[in-house]
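Okay, here's what each chain looks like letter by letter:
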Amino acid sequence: MSGTADGAACCLVVDDSRVVRKAARRIVETLGFTVREAEDGAQALAACREAMPDVVLLDWNMPVMDGISFLRAARAEFGPDRPVVVLCTTEAAAERIVEALEAGAQEYIMKPFDAALLQDKFVQAGLLPDQAA
């Protein structure tokens, strides 16, 4: 994991809603991650080029560059495994979930989400140890 200077893993929260970013930041920080934020996919790509996060919590529907466009660009530029991407969206249709996973997302969660769901997805993605094990 790339982490940060203090050794903490880093999560990039990408959402055009400041309220959603703030809520996600609070949850992710309680999981022990440092957090950076981006308002859209273009800002997220720039942030990844600047310092690769361990995980991106990614909204789908955003102006400038949407989540799927970011995901495809990130996979083309950085490869299939880095960063881990958890798509976080209101898009519930099965074909949209398949599209996201085929584009390279490791996990997919529906809004609204809570701390328990986010922690579970981070465990499934290998970002956190499994407390039940």
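Residues numbered from 1 in each chain as written. Predicted model: local features only at pLDDT ≥ 70, side-chain atom pairs only at ≥ 80, totals over all residues. Heavy atoms only, no water.

Brief notes about the packing of helix H3 (residues 67-78) against helix H4 (residues 94-103)
Then, number 1: At their nearest, the axes of H3 and H4 sit 9 Å apart, and the two run at 20° to each other. Regarding the angle of H3 to H4, the classification is roughly parallel. Here H3 and H4 pass one another in a crossing that is left-handed. Along the contact surface, H3 presents Ile68, Leu71, Arg72 and Arg75, while H4 presents Glu99, Ala100 and Ala103.
Then, number 2: By residue class, the composition of the contact of H3 with H4 is four nonpolar, no polar and three charged. (Axes fitted to C-alpha atoms, helices over the stretch in contact; angles between N-to-C directions. Helix = DSSP H or I, 4+ residues; strand = E, 2+ residues; numbered from the N terminus. Parallel < 35°, antiparallel > 145°, perpendicular 65-115°, else oblique. Left-handed = near helix turned anticlockwise from the far one by under 90°. Contact = heavy atoms within 4.5 Å. Nonpolar A, V, L, I, M, F, W, Y, C, P; charged D, E, K, R; others polar.)

Considerations on the packing of aromatic side chains
Then, number 1: One pass over the full model with this rule turns up one aromatic pair.
Then, number 2: Ring centres of Phe33 and Phe122 lie 5.2 Å apart, and the angle between their planes is 75°; on these two criteria the pair is classed as edge-to-face. Taken together, the positions of Phe33 in the loop between helix H1 (18-30) and strand E2 (34-38) and Phe122 in helix H5 (residues 115-124) put the pair 89 residues apart, joining distant regions of the chain. (Phe/Tyr/Trp six-rings, centres within 6.5 Å; stacked < 30°, edge-to-face > 60°.)

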